[in-house]
Amino acid sequence: MAEPPALLRRRELSLPITAPGATREHLLAYLALVDRPLTALLARERLTAVAPGEFTYRSNPHQVLQWQVVPTLTLRAEWEGDQFEVRSTSCRLVGLGFGLESLGFTLEARLGAEVSGLTGWAEVGLQSRLVHSPIGQRVGTLALEAVLDRIERRVGRGLRKDLGAWLGGGKF
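Let me sum up the structure you'll find in this document. Every chain begins its residue count from 1, and numbering advances along the sequence as written. Two thresholds apply to this predicted model, a pLDDT of at least 70 for residue-level local features and 80 or more for giving and counting side-chain atom pairs, whereas whole-chain, interface and lining totals are computed over all residues. Each side-chain value is worked out from all heavy atoms of the structure, with water and hydrogens disregarded.

To continue, consider the overall build of the protein. Helix and strand definitions here come from DSSP, where helices need a minimum of 4 consecutive H or I residues and strands a minimum of 2 consecutive E residues; each element is numbered from the N-terminal end. Check the secondary structure of the protein and you find three helices and eight strands. As a reference, a globule follows 2.2 Å times the number of residues to the power 0.38, and the radius of gyration itself is taken over C-alpha atoms. Radius of gyration (C-alpha) of the protein: 17 Å, near the 16 Å computed for a compact globule of 172 residues. Principal-axis analysis of the C-alpha atoms places the extent of the protein at approximately 50 × 30 × 30 Å. The classification of residues rests on relative accessible area computed with a 1.4 Å probe and restricted to protein chains. Under 20% of the type maximum is buried, over 50% is exposed, and intermediate values are partly exposed. Within the protein, buried positions represent 42% of all 172 residues. If you sum the accessible surface of the protein, you get close to 9,300 Å²; carbon and sulfur atoms cover 55% of it. Across the protein, 21 positive and 18 negative side-chain charges occur, with their mean positions spaced 7 Å apart. To be clear on the numbers: accessible area is Shrake-Rupley with a 1.4 Å probe, and residue cover counts the displayed protein chains and nothing else. Counted charges follow a simple rule, with Lys and Arg positive, Asp and Glu negative, and His plus the chain ends left uncounted. Every charge is mapped to an atom, namely NZ of Lys, CZ of Arg, CG of Asp or CD of Glu.

Set out below in structure tokens:
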């Protein structure tokens, strides 16, 4: 069993939906499509399907102090119960230097539907002996907060736009 991340950050996600026809059942039907909400959350040109429900995603660079860090993740997306779930199965962080490309990064996120819209959470973590030092913890926290900011923006923009198009397209 893998060791839990040494540094974790979690953020609650909420996307109010007031569009006509946006019932809880329709929102659940959209999330159950798995590939569609995932491609709405991530840049399609950076996402490659590897197998059903498995993808490789090469992120835009993140600025962490003087480094440009480019996470490349293998993701598993699935419909579990009444929730859309995404979790990383591997990650490579290119650009940190010092041989830290294999630094352990984890991502797990869930979205479900409520009467008022979509709700869920995203959690990101780092596993490295370096996050036990004060500077390592500070840099790691900055990096994780930047990732959560980006996830929150994608939910508010990309997912909202695609869901609106899907609802307006008579897909319910």
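Further remarks concern the side chain of Ser59. Position of Ser59 relative to the elements: it lies in the loop between β3 (54-58) and β4 (62-64). We call two residues in contact when some of their heavy atoms are within 4.5 Å. In contact with Ser59, not counting residues within four places along its chain, are Arg46, Val70, Pro71 and Arg150.

Turning next to the pairing of strand β8 (residues 117-127). Taken across its 11 residues, β8 has eight buried, putting it largely inside the fold. Two strands pair if DSSP finds at least two bridges between them. Sheet topology places strand β7 (residues 104-114) next to β8; 11 bridges connect them, and they run antiparallel. Opposite Leu111, over in β8, you have Gly120 as the bridge partner. The antiparallel pairing of β7 with β8 creates a hairpin that spans two residues between the two strands.

The next point concerns the pairing of β3. Residues of β3 alternate between two faces, with Phe55 and Tyr57 buried on one and Glu54, Thr56 and Arg58 left unburied on the opposite face. Alignment of strand β2 (residues 47-51) against β3, held across four bridges, turns out to be antiparallel. When the sheet's bridge partners are listed, Thr48 is paired in β3 with Thr56. Where β3 meets strand β5 (residues 67-80), five bridges bridge the pair, whose relative direction is antiparallel. By the bridge assignment for β5, Tyr57 is matched with Leu73.

Right, let's get into the packing of aromatic side chains. Side-chain rings of Phe, Tyr and Trp, where Trp is taken by its six-membered ring, are said to pair if the distance between their centres is within 6.5 Å; with planes under 30 degrees apart they count as stacked, over 60 as edge-to-face, and otherwise as tilted. Inspection of the entire model under this criterion finds one aromatic pair. The lysine or arginine in question, Arg10, covers the ring of Trp121, its NZ or CZ lying 3.9 Å from the ring centre. Lysine and arginine charges are scored as sitting over a ring when NZ or CZ, respectively, is within 6 Å of the ring centre and within 35 degrees of the ring normal.

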